Structure formats: C-alpha cells, structure tokens
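# Topology and contacts: notes
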Amino acid sequence: MVDGILRENRASFTMIAIMWVVAIVAMALMPDSIPVHWGFDSTEPNRWGSKFELVIMPILFTLTCLICMGIGRATRGDTYGDGKSTEVFMHKCTTALTVFFLVLEIALLILIVVNL
C-alpha cells in the first residue's frame with residue numbers, strides 16, 4: 001500500500017523533499033532575525049522573527065499535500081458524472097499544489113533576502 005502511494009505521488013514527494021531542503025539550507029544561511037511579514041501598502045517589513053519560522057511553511061504545505069493524497073486514495077474508483085476519475089483529478093491537484101507551494105516558498109525566500 002505504501003509503495004503504491006509513493007509510486008503514484010512520486011512527483012509530489014519530490015517537490016516536498018525539495019521544499020524541505022530549500023527551507024533547511026535557508027535556515028542554515030539566514031541570520032537569527034529575518035523579516036517575516038510585510039504590510040499591504042509597503043515593501044518594507046513590519047515584523048521580524050526567528051529564522052526557525054521558515055519551517056512553518058513546509059510543515060503546512062506537507063500536511064496539505066498529504067491530505068490531498070489521502071483524498072485521492074479514498075476516492076479511488078469513484079468517477080464524476082462524465083466518467084472521469086476523481087483519483088486522477090486529485091493526483092493532478094496534489095502535483096499542482098506542490099509546484100505552487102515550492103514556487104511560493106522560493107519567492108518568499110527571495111523577498112526575505114532582498115530585505116535583509
């Protein structure tokens with residue numbers, strides 16, 4: 001069962017692993033205090049926090065992707081009214097989410113580095 005989940009979601013697990021590696025490397029390279037919040041009307045940070053807050057994003061993204069993978073597994077064999085597989089749809093959603101989260105994490109890290 002676990003082997004099947006790993007095989008079906010290989011791309012998602014790869015993206016999640018890359019996300020964690022990026023976060024860990026960023027934590028190693030960042031100073032102890034980093035900008036963590038920006039105002040809507042400004043490009044200047046309005047809150048600074050610990051570099052360990054960089055781990056919050058990968059944790060949330062990993063949980064979200066695992067939930068999507070679980071939904072895809074739970075809907076195995078179900079179809080829409082037009083006969084398309086719900087599992088395939090959830091698999092595509094999970095892969096898209098992981099790509100989106102990875103791009104978001106890299107963009108936020110760039111924003112942090114620019115404001116150091």
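Read on for an overview of the structure. (Residues numbered from 1 in each chain as written. Predicted model: local features only at pLDDT ≥ 70, side-chain atom pairs only at ≥ 80, totals over all residues. Heavy atoms only, no water.)

A few words on helix α3 (residues 56–74). The end-to-end C-alpha separation of α3 is 27 Å, in line with the 27 Å expected for 19 residues at 1.5 Å each. The complete set of buried residues in α3 reads M57, P58, F61, T62, C65, C68, M69 and G72. Here the buried residues of α3 occupy an arc of 130° about the axis, which is enough to place them on one side. Exposed positions of α3 whose direction lies more than 90 degrees from the buried face are I67 and A74. (Helix = DSSP H or I, 4+ residues; strand = E, 2+ residues; numbered from the N terminus. Expected span 1.5 Å × (residues − 1). Buried < 20%, exposed > 50% of the residue type's maximum accessible area, 1.4 Å probe, protein only. Arc of directions from axis to C-beta.)

In this section: a nonpolar patch on the surface. On the surface, V21, V25 and L29 cluster together to form a nonpolar patch covering roughly 300 Å² of accessible area. Position of L29 among the secondary structure elements: in helix α2 (residues 10–29). (Patch = residues over 30% accessible without salt bridge, like charges linked within 9 Å, V, L, I, M, F, W, Y side chains within 5 Å. Areas by Shrake-Rupley, 256 points an atom, 1.4 Å probe, with all protein chains shown as cover. Salt bridge = Lys/Arg side-chain N within 4 Å of Asp/Glu carboxyl O.)

Contact pair α2 / α3: the axes reach a minimum separation of 10 Å and the direction vectors enclose 170°. Considering the angle they form, α2 stands roughly antiparallel to α3. In contact with S12, F13, I16, M19, W20 and A23 of α2, α3 contributes P58, I59, F61, T62, C65, L66 and M69. Classifying every residue of the contact of α2 with α3 gives eleven nonpolar, two polar and no charged. (Axes fitted to C-alpha atoms, helices over the stretch in contact; angles between N-to-C directions. Parallel < 35°, antiparallel > 145°, perpendicular 65-115°, else oblique. Contact = heavy atoms within 4.5 Å. Nonpolar A, V, L, I, M, F, W, Y, C, P; charged D, E, K, R; others polar.)

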